[in-house]
Amino acid sequence: MPATIDGPDFVALQVRDVQAAATFCEQHLGLRRAAVSPPGAVVFDTKPTPFAVRGLLPGVDLADTARPGLGVVLWFRTTDAHQLHDQLTTAGVRILTPVVDSPFGPMFSFEGPEGYTLTAHGG
């Protein structure tokens, strides 16, 4: 029988400023740091898949990238998409799409650390 995969087991965004990106995730998204992170990264205690921000890998230069992660869709589940939208708006976070209904509940997209597009849904 051939080997298979179950699905994503870890997600990380490469960023120039790990501490600023981690602060964004903590202050605006309410994420909590995991007990242990490797050097050059901050891992968050997200379920079911761990999420992290990490320094750039060799050969990655985001300075030449207008929109990092272009083509990748990263969704986060929230208890209340409308409330999170309002919180982010009040905090001055750039909202990219308004809240709309989707098969996964209300959803919207916003600009995350260093220009990554993130989507929140639920509630």
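Conventions used here
- Sequence order as written defines the numbering, with residues in each chain counted from 1.
- A pLDDT threshold of at least 70 governs which residues receive local features in this predicted model, and a stricter bar of 80 or more applies before side-chain atom pairs are shown or counted, although totals over entire chains, interfaces and linings include all residues.
- Only heavy atoms go into the side-chain values, all of them from the structure, while hydrogens and water stay out.
- The way it works is that DSSP assigns letters per residue, a run of H or I at least four long becomes a helix, a run of E at least two long becomes a strand, and they are numbered from the N terminus.
- Using C-alpha atoms as the atom set, the radius of gyration is obtained and then compared with a globule rule of 2.2 Å times the number of residues to the power 0.38.
- In this scheme, a residue with accessible area under 20% of its type's maximum is buried, one over 50% is exposed, and one in between is partly exposed, where area comes from a 1.4 Å probe on protein chains only.
- The contact rule is simple, with two residues in contact once any of their heavy atoms fall within 4.5 Å.
- Two strands qualify as a pair provided DSSP detects at least 2 bridges between them.
- Note on geometry: axes are C-alpha line fits, over the in-contact stretch for helices, and angles between N-to-C directions span 0 to 180 degrees.
- Lining residues are those with an atom within 4 Å of a point, where the points come from a 1 Å grid over the protein atoms alone and group into cavities, where a 1.4 Å probe fits but cannot get out, or pockets, open sets with protein on both sides within 12 Å along at least five of seven lines.
- Grid points are joined across faces, edges and corners, and a volume is the space filled by probe spheres set on the points.
- For this classification, the nonpolar set comprises Ala, Val, Leu, Ile, Met, Phe, Trp, Tyr, Cys and Pro, the charged set comprises Asp, Glu, Lys and Arg, and every other residue, Gly included, is treated as polar.
- Each aromatic pair joins two rings of Phe, Tyr and Trp (for Trp, the six-membered one) with centres within 6.5 Å, and gets the label stacked for planes under 30 degrees apart, edge-to-face for over 60, and tilted for any other angle.

*Asks:* Please clarify how the overall build of the chain should be interpreted in this entry.
*Replies:* Secondary structure assignment for the chain yields two helices and seven strands. Start at the N end of the chain and walk to the C end: the helices and strands fall as β-α-β-β-β-α-β-β-β. Its C-alpha radius of gyration of 15 Å places the chain within 12% of the 14 Å reference for a compact globule of 123 residues. For the chain, the proportion of its 123 residues judged to be buried stands at 34%. By sequence separation, contacts in the chain at least 24 residues apart represent 51% of the contacts at least 6 residues apart.

*Asks:* Hey, could you run me through the sheet that holds strand β2 (residues 41-44) in this one?
*Replies:* The mixed open sheet is built from three strands, whose spatial order is β1-β3-β2. Pairing within the sheet leaves two strands with one partner each, and these edge strands are β1 (11-15) and β2. Sheet twist, expressed as the average angle between the axes of neighbouring strands with direction ignored, equals 15 degrees. Of the pairings in the sheet, the one linking β1 to strand β3 (residues 51-55) comprises five bridges and is parallel in character.

*Asks:* Sorry, what's going on with the layout of surface pockets here?
*Replies:* To find leftover empty space, one rolls a probe the size of a water molecule over the atoms. Each pocket or cavity is described by its volume, and for the largest pocket that value is around 830 Å³. Considering the residues around the largest pocket, the lining is formed by 28 residues, among which Leu31, Thr46, Lys47, Phe76 and Arg77 are closest to the centre. Broken down by secondary-structure element, the contributors of at least two residues to the lining of the largest pocket are α1 (18-29), β4 (74-77), α2 (81-90) and β7 (117-121). Each residue belonging to the lining of the largest pocket can be placed in one class, and the counts come to 13 nonpolar, 10 polar and five charged. There is about 240 Å³ of room inside the second largest pocket. What lines the second largest pocket is a set of 15 residues, and nearest its centre among them are Gly69, Val72, Val73, Leu74 and Thr117. Those elements that provide at least two residues to the lining of the second largest pocket are β1 and β7. Taken together, the residues of the lining of the second largest pocket break down into 10 nonpolar, four polar and one charged.

*Asks:* In this structure, what is going on with the packing of aromatic side chains? I would like to understand it.
*Replies:* Where two aromatic rings form a pair, the distance of their centres and the angle of their planes describe that pair. Under the definition given, this model contains four aromatic pairs. Judged by centre distance (6.1 Å) and plane angle (20 degrees), the rings of Phe44 and Phe51 are stacked. The exposure class of Phe51 is buried, given its relative accessible area of 4%. Taking 5.6 Å as the distance between ring centres and 80 degrees as the angle between the ring planes, the aromatic pair formed by Trp75 and Phe104 counts as edge-to-face. Placement of Trp75 in strand β4 and of Phe104 in the loop between β5 (95-100) and β6 (107-111) is noted, with a sequence separation of 29 residues between them.

*Asks:* What exactly am I supposed to notice about the environment of Leu70 here?
*Replies:* Relative to the helices and strands, Leu70 resides in the loop between β3 and β4. C-alpha of Leu70 to C-alpha of Gly40: the two residues are 30 residues apart in sequence and 23 Å apart in space.

*Asks:* How should the sheet that holds β6 be read in this particular structure?
*Replies:* Consider a sheet: its strands pair through backbone hydrogen bonds, and that pairing is either parallel or antiparallel. Strand order across the open sheet formed by four strands is β4-β7-β6-β5, with mixed pairing between neighbours. Looking at the sheet topology across the chains shown, the edges are occupied by β4 and β5. Between one strand axis and the next, the sheet turns by 25 degrees as a mean value, whatever way the strands run. Pairing geometry for β5 and β6, over three bridges, is antiparallel.

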